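# Fold and geometry: a report
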Amino acid sequence: MKPCLDHSTLQFFLTGRVFRRRVGSGGMRLGSSWRWLLSRAMKLALRWCRPCRLQKGGWVGGSKGLIGHRLSKLWMYIKLLLRSLYYNSLTNSDTLLDCAFEPVYWIVDNVTHCFGVVFVCLVVLLTSSVVIIVYLFVLPTIFTTYPMHWTAWHLCCGHWLLILVVFHYYKATTTTPGYPPKDKCDVPSVSICKKCITPKPPRTHHCSICNICILKMDHHCPWLNNCVGHMNHRYFFSFCLYMTLGCIYCSISSRNLFLEAYNAIETSFQTPPPDHSPRESVAYKCIIFLWVLTSSVAVALGGLTLWHAKLISRGETSVERHINRKEARRLQEKGKVFRNPYHHGRLNNWKLFFGVETRSHWLTRVLLPSSHLPSGDGITWDCTFTRSDPVAI
(Lines give C-alpha, C1' and ligand atoms only; values in the text may rest on other atoms or scores of the structure.)
Protein backbone atom coordinates (compact mmCIF):
# COMPACT_ATOMS: atom_id res chain seq x y z
CA MET A 1 0.00 0.00 0.00
CA LYS A 2 1.64 3.26 -1.15
CA PRO A 3 0.80 6.50 0.63
CA CYS A 4 -0.96 9.15 -1.40
CA LEU A 5 0.94 12.39 -1.95
CA ASP A 6 -0.66 15.68 -2.86
CA HIS A 7 0.59 17.89 -5.66
CA SER A 8 2.70 20.21 -3.49
CA THR A 9 4.54 17.36 -1.75
CA LEU A 10 5.23 15.61 -5.07
CA GLN A 11 6.54 18.84 -6.55
CA PHE A 12 8.81 19.29 -3.51
CA PHE A 13 10.32 15.82 -3.90
CA LEU A 14 10.81 16.31 -7.65
CA THR A 15 12.54 19.62 -6.96
CA GLY A 16 14.78 17.88 -4.43
CA ARG A 17 15.78 15.25 -7.03
CA VAL A 18 16.61 17.93 -9.59
CA PHE A 19 18.62 19.77 -6.96
CA ARG A 20 20.58 16.61 -6.15
CA ARG A 21 21.43 16.10 -9.82
CA ARG A 22 22.60 19.70 -10.12
CA VAL A 23 24.76 19.45 -7.05
CA GLY A 24 26.20 16.16 -8.22
CA SER A 25 27.01 17.49 -11.69
CA GLY A 26 28.32 20.81 -10.45
CA GLY A 27 31.23 19.31 -8.53
CA MET A 28 31.94 19.02 -4.84
CA ARG A 29 32.01 22.70 -4.03
CA LEU A 30 30.25 22.00 -0.75
CA GLY A 31 32.25 18.85 -0.05
CA SER A 32 34.45 20.45 2.56
CA SER A 33 31.76 22.51 4.22
CA TRP A 34 29.70 21.57 7.24
CA ARG A 35 26.49 21.91 5.25
CA TRP A 36 27.51 19.13 2.88
CA LEU A 37 28.47 16.91 5.81
CA LEU A 38 25.16 17.65 7.51
CA SER A 39 23.31 16.86 4.29
CA ARG A 40 25.05 13.50 3.95
CA ALA A 41 24.38 12.67 7.61
CA MET A 42 20.68 13.40 7.22
CA LYS A 43 20.48 11.31 4.07
CA LEU A 44 22.05 8.36 5.88
CA ALA A 45 19.68 8.86 8.81
CA LEU A 46 16.72 8.77 6.46
CA ARG A 47 17.95 5.55 4.86
CA TRP A 48 18.72 3.84 8.16
CA CYS A 49 15.40 4.85 9.74
CA ARG A 50 13.33 3.89 6.71
CA PRO A 51 10.47 1.74 7.96
CA CYS A 52 9.87 -1.68 6.57
CA ARG A 53 7.72 -1.81 3.48
CA LEU A 54 4.21 -2.81 4.21
CA GLN A 55 3.13 -6.18 2.92
CA LYS A 56 0.24 -6.26 0.51
CA GLY A 57 -1.77 -8.84 2.37
CA GLY A 58 -1.06 -7.94 6.00
CA TRP A 59 -2.23 -4.35 6.21
CA VAL A 60 -5.04 -4.10 3.72
CA GLY A 61 -8.48 -3.33 5.11
CA GLY A 62 -9.73 -2.80 8.64
CA SER A 63 -8.01 -0.89 11.41
CA LYS A 64 -4.56 -2.20 10.45
CA GLY A 65 -4.81 -0.56 7.05
CA LEU A 66 -5.82 2.74 8.63
CA ILE A 67 -2.93 2.61 11.13
CA GLY A 68 -0.48 1.76 8.37
CA HIS A 69 -1.72 4.65 6.26
CA ARG A 70 -1.33 7.08 9.17
CA LEU A 71 2.17 5.83 9.93
CA SER A 72 3.13 6.26 6.30
CA LYS A 73 1.78 9.82 6.25
CA LEU A 74 3.66 10.58 9.46
CA TRP A 75 6.88 9.21 8.00
CA MET A 76 6.45 11.26 4.83
CA TYR A 77 5.91 14.38 6.94
CA ILE A 78 9.09 13.72 8.97
CA LYS A 79 11.08 13.25 5.76
CA LEU A 80 9.62 16.48 4.44
CA LEU A 81 10.79 18.35 7.54
CA LEU A 82 14.29 16.89 7.37
CA ARG A 83 14.68 17.58 3.67
CA SER A 84 13.50 21.15 4.17
CA LEU A 85 16.54 21.64 6.42
CA TYR A 86 19.36 20.37 4.24
CA TYR A 87 17.82 21.52 0.93
CA ASN A 88 17.43 25.09 2.19
CA SER A 89 20.06 27.56 0.97
CA LEU A 90 19.40 29.87 3.94
CA THR A 91 20.10 27.20 6.57
CA ASN A 92 22.87 28.14 9.00
CA SER A 93 23.95 27.27 12.52
CA ASP A 94 21.38 29.63 14.11
CA THR A 95 18.55 27.99 12.17
CA LEU A 96 19.66 24.50 13.18
CA LEU A 97 19.95 25.52 16.84
CA ASP A 98 16.48 27.06 16.75
CA CYS A 99 15.08 23.85 15.26
CA ALA A 100 16.88 21.71 17.84
CA PHE A 101 15.70 23.82 20.77
CA GLU A 102 12.17 24.36 19.49
CA PRO A 103 10.73 21.75 21.91
CA VAL A 104 12.51 23.50 24.79
CA TYR A 105 11.11 26.86 23.70
CA TRP A 106 7.64 25.36 23.46
CA ILE A 107 7.85 23.94 27.00
CA VAL A 108 9.17 27.22 28.45
CA ASP A 109 6.50 29.29 26.70
CA ASN A 110 3.65 27.06 27.85
CA VAL A 111 4.94 26.79 31.42
CA THR A 112 5.35 30.57 31.61
CA HIS A 113 1.86 31.08 30.23
CA CYS A 114 0.28 28.59 32.65
CA PHE A 115 2.11 29.82 35.76
CA GLY A 116 1.64 33.53 35.07
CA VAL A 117 -1.34 33.76 37.42
CA VAL A 118 0.64 31.88 40.09
CA PHE A 119 3.50 34.39 39.85
CA VAL A 120 1.09 37.33 40.14
CA CYS A 121 -0.53 35.78 43.22
CA LEU A 122 2.92 35.20 44.71
CA VAL A 123 3.87 38.87 44.24
CA VAL A 124 0.61 40.00 45.85
CA LEU A 125 1.02 37.53 48.74
CA LEU A 126 4.63 38.48 49.53
CA THR A 127 3.95 42.21 49.26
CA SER A 128 0.90 41.90 51.48
CA SER A 129 2.87 39.92 54.06
CA VAL A 130 5.53 42.65 54.21
CA VAL A 131 2.89 45.35 54.65
CA ILE A 132 1.12 43.39 57.42
CA ILE A 133 4.37 42.79 59.31
CA VAL A 134 5.25 46.49 59.07
CA TYR A 135 1.86 47.53 60.42
CA LEU A 136 1.86 44.95 63.23
CA PHE A 137 5.44 45.10 64.49
CA VAL A 138 7.52 47.88 62.89
CA LEU A 139 5.20 50.88 63.11
CA PRO A 140 4.33 50.33 66.81
CA THR A 141 8.03 50.32 67.62
CA ILE A 142 8.52 53.53 65.61
CA PHE A 143 5.64 55.25 67.39
CA THR A 144 6.99 54.39 70.86
CA THR A 145 10.72 54.94 70.36
CA TYR A 146 11.27 57.47 67.55
CA PRO A 147 10.93 61.28 67.83
CA MET A 148 7.97 63.03 66.26
CA HIS A 149 9.77 64.25 63.12
CA TRP A 150 11.19 60.77 62.38
CA THR A 151 7.78 59.23 62.94
CA ALA A 152 6.20 61.65 60.46
CA TRP A 153 8.99 60.93 57.96
CA HIS A 154 8.47 57.17 58.15
CA LEU A 155 4.71 57.49 57.81
CA CYS A 156 4.92 59.77 54.76
CA CYS A 157 7.78 57.99 52.99
CA GLY A 158 6.48 54.49 53.63
CA HIS A 159 2.94 55.19 52.46
CA TRP A 160 4.18 57.15 49.43
CA LEU A 161 6.25 54.17 48.29
CA LEU A 162 3.40 51.75 49.03
CA ILE A 163 0.91 53.73 46.94
CA LEU A 164 3.32 53.99 44.00
CA VAL A 165 4.15 50.27 44.11
CA VAL A 166 0.50 49.20 44.20
CA PHE A 167 -0.56 51.67 41.51
CA HIS A 168 2.18 50.84 39.00
CA TYR A 169 1.89 47.09 39.51
CA TYR A 170 -1.86 47.21 38.94
CA LYS A 171 -1.43 49.32 35.80
CA ALA A 172 1.41 47.14 34.49
CA THR A 173 -0.64 43.95 34.81
CA THR A 174 -3.94 45.32 33.50
CA THR A 175 -2.76 47.64 30.71
CA THR A 176 -2.38 46.07 27.27
CA PRO A 177 1.15 46.44 25.90
CA GLY A 178 -0.12 47.68 22.54
CA TYR A 179 -0.87 45.73 19.37
CA PRO A 180 -0.39 46.76 15.73
CA PRO A 181 -3.67 47.51 13.94
CA LYS A 182 -4.86 44.76 11.63
CA ASP A 183 -7.73 46.57 9.91
CA LYS A 184 -5.61 49.24 8.21
CA CYS A 185 -3.64 48.68 5.02
CA ASP A 186 -1.63 51.94 5.14
CA VAL A 187 0.22 51.13 8.38
CA PRO A 188 3.98 51.65 7.90
CA SER A 189 5.76 48.34 8.23
CA VAL A 190 9.33 47.13 7.91
CA SER A 191 8.75 43.37 7.63
CA ILE A 192 6.16 40.63 7.80
CA CYS A 193 5.68 38.60 10.97
CA LYS A 194 6.44 34.97 10.17
CA LYS A 195 3.87 33.73 12.69
CA CYS A 196 1.05 36.27 12.40
CA ILE A 197 1.58 36.73 8.62
CA THR A 198 0.77 40.44 9.04
CA PRO A 199 2.76 43.65 8.45
CA LYS A 200 5.05 44.48 11.36
CA PRO A 201 5.73 48.17 12.22
CA PRO A 202 9.16 49.31 13.43
CA ARG A 203 10.22 48.12 16.91
CA THR A 204 7.41 45.54 16.85
CA HIS A 205 8.16 41.91 17.74
CA HIS A 206 6.17 38.73 18.13
CA CYS A 207 5.62 37.28 21.61
CA SER A 208 5.56 33.50 21.47
CA ILE A 209 3.84 33.29 24.87
CA CYS A 210 0.99 35.70 24.07
CA ASN A 211 1.06 34.54 20.42
CA ILE A 212 0.64 38.09 19.08
CA CYS A 213 2.83 40.97 17.90
CA ILE A 214 3.62 43.67 20.50
CA LEU A 215 4.41 47.31 19.77
CA LYS A 216 7.89 48.25 21.03
CA MET A 217 8.15 44.91 22.79
CA ASP A 218 10.66 44.73 25.63
CA HIS A 219 9.99 41.24 27.02
CA HIS A 220 7.28 39.02 28.46
CA CYS A 221 7.27 39.33 32.25
CA PRO A 222 5.89 36.27 34.06
CA TRP A 223 5.61 38.28 37.30
CA LEU A 224 3.08 40.51 35.53
CA ASN A 225 1.51 37.74 33.44
CA ASN A 226 1.69 40.29 30.66
CA CYS A 227 3.99 41.55 27.94
CA VAL A 228 5.97 44.75 28.48
CA GLY A 229 5.38 46.94 25.46
CA HIS A 230 4.75 50.48 24.33
CA MET A 231 1.68 51.14 26.48
CA ASN A 232 2.86 49.68 29.82
CA HIS A 233 6.66 49.95 29.66
CA ARG A 234 6.61 53.01 31.93
CA TYR A 235 4.42 51.25 34.49
CA PHE A 236 6.75 48.24 34.54
CA PHE A 237 9.91 50.27 35.08
CA SER A 238 8.25 52.50 37.69
CA PHE A 239 7.08 49.42 39.57
CA CYS A 240 10.61 47.97 39.56
CA LEU A 241 12.09 51.29 40.66
CA TYR A 242 9.69 51.98 43.53
CA MET A 243 9.63 48.35 44.66
CA THR A 244 13.42 48.45 44.89
CA LEU A 245 13.31 51.72 46.84
CA GLY A 246 10.62 50.30 49.10
CA CYS A 247 12.65 47.17 49.85
CA ILE A 248 15.74 49.26 50.59
CA TYR A 249 13.67 51.49 52.86
CA CYS A 250 12.27 48.49 54.77
CA SER A 251 15.70 46.88 55.10
CA ILE A 252 17.32 50.03 56.49
CA SER A 253 14.45 51.02 58.79
CA SER A 254 14.13 47.52 60.27
CA ARG A 255 17.85 46.84 60.63
CA ASN A 256 17.97 47.40 64.41
CA LEU A 257 14.84 45.34 64.90
CA PHE A 258 16.38 42.56 62.82
CA LEU A 259 19.57 42.50 64.92
CA GLU A 260 17.52 42.41 68.10
CA ALA A 261 15.29 39.61 66.79
CA TYR A 262 18.30 37.63 65.56
CA ASN A 263 20.02 37.84 68.94
CA ALA A 264 16.79 36.81 70.67
CA ILE A 265 16.45 33.75 68.41
CA GLU A 266 20.09 32.87 69.10
CA THR A 267 19.59 33.01 72.86
CA SER A 268 16.50 30.76 72.61
CA PHE A 269 18.83 27.79 72.00
CA GLN A 270 20.62 28.31 75.31
CA THR A 271 19.99 26.32 78.45
CA PRO A 272 17.83 27.42 80.13
CA PRO A 273 16.07 29.33 77.29
CA PRO A 274 14.90 32.90 77.96
CA ASP A 275 11.31 33.46 78.88
CA HIS A 276 9.75 34.84 75.64
CA SER A 277 6.01 35.09 75.21
CA PRO A 278 4.42 33.53 72.11
CA ARG A 279 3.73 37.00 70.70
CA GLU A 280 7.38 38.00 71.07
CA SER A 281 8.57 34.80 69.38
CA VAL A 282 6.21 35.38 66.45
CA ALA A 283 7.33 39.02 66.23
CA TYR A 284 11.01 38.03 66.12
CA LYS A 285 10.46 35.50 63.36
CA CYS A 286 8.35 37.94 61.32
CA ILE A 287 11.00 40.66 61.60
CA ILE A 288 13.69 38.23 60.38
CA PHE A 289 11.44 37.15 57.50
CA LEU A 290 10.79 40.81 56.61
CA TRP A 291 14.45 41.79 56.56
CA VAL A 292 15.67 38.74 54.61
CA LEU A 293 12.89 39.06 52.00
CA THR A 294 13.26 42.80 51.43
CA SER A 295 17.05 42.62 51.29
CA SER A 296 17.01 39.78 48.76
CA VAL A 297 14.42 41.48 46.56
CA ALA A 298 16.32 44.78 46.77
CA VAL A 299 19.49 43.13 45.43
CA ALA A 300 17.80 41.06 42.69
CA LEU A 301 15.26 43.63 41.54
CA GLY A 302 17.79 46.44 41.93
CA GLY A 303 20.07 44.79 39.37
CA LEU A 304 17.16 44.40 36.94
CA THR A 305 16.16 48.04 37.46
CA LEU A 306 19.69 49.27 36.76
CA TRP A 307 19.81 47.17 33.59
CA HIS A 308 16.54 48.66 32.30
CA ALA A 309 17.69 52.15 33.27
CA LYS A 310 20.77 51.63 31.12
CA LEU A 311 18.61 50.50 28.20
CA ILE A 312 16.29 53.50 28.57
CA SER A 313 19.28 55.85 28.57
CA ARG A 314 20.33 54.35 25.23
CA GLY A 315 16.84 54.41 23.73
CA GLU A 316 16.68 50.62 23.47
CA THR A 317 14.55 47.74 24.65
CA SER A 318 15.76 44.33 25.77
CA VAL A 319 15.01 42.84 22.35
CA GLU A 320 16.64 45.74 20.49
CA ARG A 321 19.76 45.46 22.65
CA HIS A 322 20.41 41.98 21.29
CA ILE A 323 19.62 43.00 17.70
CA ASN A 324 21.69 46.18 17.83
CA ARG A 325 24.73 44.31 19.14
CA LYS A 326 24.60 41.91 16.21
CA GLU A 327 24.09 44.81 13.79
CA ALA A 328 27.02 46.74 15.30
CA ARG A 329 29.24 43.67 14.95
CA ARG A 330 28.17 43.21 11.32
CA LEU A 331 28.86 46.83 10.41
CA GLN A 332 32.16 46.81 12.26
CA GLU A 333 33.41 44.05 9.99
CA LYS A 334 32.65 46.36 7.05
CA GLY A 335 34.44 49.30 8.64
CA LYS A 336 31.23 51.14 9.56
CA VAL A 337 29.83 52.41 12.86
CA PHE A 338 26.32 51.53 14.01
CA ARG A 339 24.07 54.25 15.40
CA ASN A 340 20.77 53.61 17.10
CA PRO A 341 18.16 55.69 15.21
CA TYR A 342 15.93 55.90 18.31
CA HIS A 343 18.62 57.39 20.57
CA HIS A 344 17.87 61.09 21.19
CA GLY A 345 20.32 61.69 24.03
CA ARG A 346 20.11 60.44 27.60
CA LEU A 347 17.95 63.19 29.05
CA ASN A 348 15.63 63.30 26.03
CA ASN A 349 15.26 59.52 26.18
CA TRP A 350 14.09 59.75 29.77
CA LYS A 351 11.70 62.60 28.92
CA LEU A 352 10.19 60.58 26.06
CA PHE A 353 9.95 57.48 28.22
CA PHE A 354 8.15 59.18 31.14
CA GLY A 355 6.16 61.56 28.92
CA VAL A 356 7.71 64.63 30.56
CA GLU A 357 6.92 67.81 28.62
CA THR A 358 7.27 70.49 31.33
CA ARG A 359 9.21 70.71 34.58
CA SER A 360 6.10 70.13 36.65
CA HIS A 361 5.62 66.76 34.96
CA TRP A 362 8.61 65.39 36.86
CA LEU A 363 6.44 65.72 39.98
CA THR A 364 3.00 64.93 38.62
CA ARG A 365 3.98 62.17 36.18
CA VAL A 366 7.06 60.58 37.78
CA LEU A 367 6.94 61.10 41.55
CA LEU A 368 3.16 60.79 41.77
CA PRO A 369 0.78 58.20 40.29
CA SER A 370 -0.23 59.15 36.75
CA SER A 371 -2.06 57.21 34.06
CA HIS A 372 -1.12 59.45 31.10
CA LEU A 373 -0.50 57.81 27.75
CA PRO A 374 3.05 57.35 26.42
CA SER A 375 4.54 59.57 23.75
CA GLY A 376 3.59 58.53 20.22
CA ASP A 377 1.34 55.79 18.93
CA GLY A 378 3.97 53.03 18.89
CA ILE A 379 3.69 52.65 15.09
CA THR A 380 5.71 55.57 13.73
CA TRP A 381 8.89 56.79 15.40
CA ASP A 382 11.04 59.88 15.08
CA CYS A 383 14.57 58.92 14.04
CA THR A 384 17.61 61.04 14.80
CA PHE A 385 18.99 60.64 11.29
CA THR A 386 18.18 59.20 7.90
CA ARG A 387 20.43 56.84 6.04
CA SER A 388 20.20 54.52 3.08
CA ASP A 389 21.76 51.56 4.86
CA PRO A 390 19.14 49.27 6.45
CA VAL A 391 18.61 49.84 10.15
CA ALA A 392 18.27 47.05 12.69
CA ILE A 393 14.60 46.75 13.64
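In this report, we go over the structure that sits alongside the text.

Along the chain, Arg-203 falls in the loop between strand E2 (199–200) and strand E3 (205–207). With a relative accessible area of 6%, Arg-203 lands in the buried category. A distance of 2.6 Å separates the side chain of Arg-203 from the side chain of Glu-320, its partner in a polar contact. Residue contacts for Arg-203: discarding those within four places in its chain leaves Ile-214, Leu-215, Lys-216, Met-217, Gly-315, Glu-316, Thr-317, Glu-320, Tyr-342 and Trp-381.

What follows concerns a positive patch on the surface. A cluster of like positive charges, contributed by Lys-310, Arg-314, Arg-325, Lys-326, Arg-329 and Arg-346, occupies part of the molecular surface. Every element with two or more residues in the positive patch is listed here: helix H10 (278–314) and helix H11 (318–333). Sorting elements by how many residues they give to the positive patch places H11 first, with three residues. Within the secondary structure, Arg-314 is located in helix H10.

Our next topic: unusual backbone geometry. Even without being glycine, Asn-211 reaches a positive phi, approximately 60 degrees. Position of Asn-211 relative to the elements: it lies in the loop between E3 and strand E4 (212–214). Taking relative accessible area as the criterion, Asn-211 reaches 56% and is therefore assigned exposed. Located in the positive-phi region is Asn-225, a residue other than glycine, with phi close to 55 degrees.

Moving on, we get to the state of the cysteines. Taken as a whole and judged by the stated rule, the model has zero disulfides. Unpaired in this structure, Cys-196 has its nearest cysteine sulfur neighbour in Cys-213, at a distance of 3.7 Å. Cysteine Cys-247 is unpaired, with the sulfur of Cys-250 as its nearest cysteine sulfur at 6.6 Å. The exposure class assigned to Cys-247 is buried, which follows from its relative accessible area of 6%.

Rules of the game
- Residues numbered from 1 in each chain as written.
- Predicted model: local features only at pLDDT ≥ 70, side-chain atom pairs only at ≥ 80, totals over all residues.
- Heavy atoms only, no water.
- Helix = DSSP H or I, 4+ residues; strand = E, 2+ residues; numbered from the N terminus.
- Buried < 20%, exposed > 50% of the residue type's maximum accessible area, 1.4 Å probe, protein only.
- Polar contact = N/O pair within 3.5 Å; in protein donor to acceptor, adjacent residues only side chain to side chain.
- Contact = heavy atoms within 4.5 Å.
- Patch = residues over 30% accessible without salt bridge, like charges linked within 9 Å, V, L, I, M, F, W, Y side chains within 5 Å.
- Areas by Shrake-Rupley, 256 points an atom, 1.4 Å probe, with all protein chains shown as cover.
- Salt bridge = Lys/Arg side-chain N within 4 Å of Asp/Glu carboxyl O.
- Lys, Arg positive; Asp, Glu negative; His and termini not counted.
- Charge placed at Lys NZ, Arg CZ, Asp CG, Glu CD.
- Disulfide = S-S within 2.5 Å.

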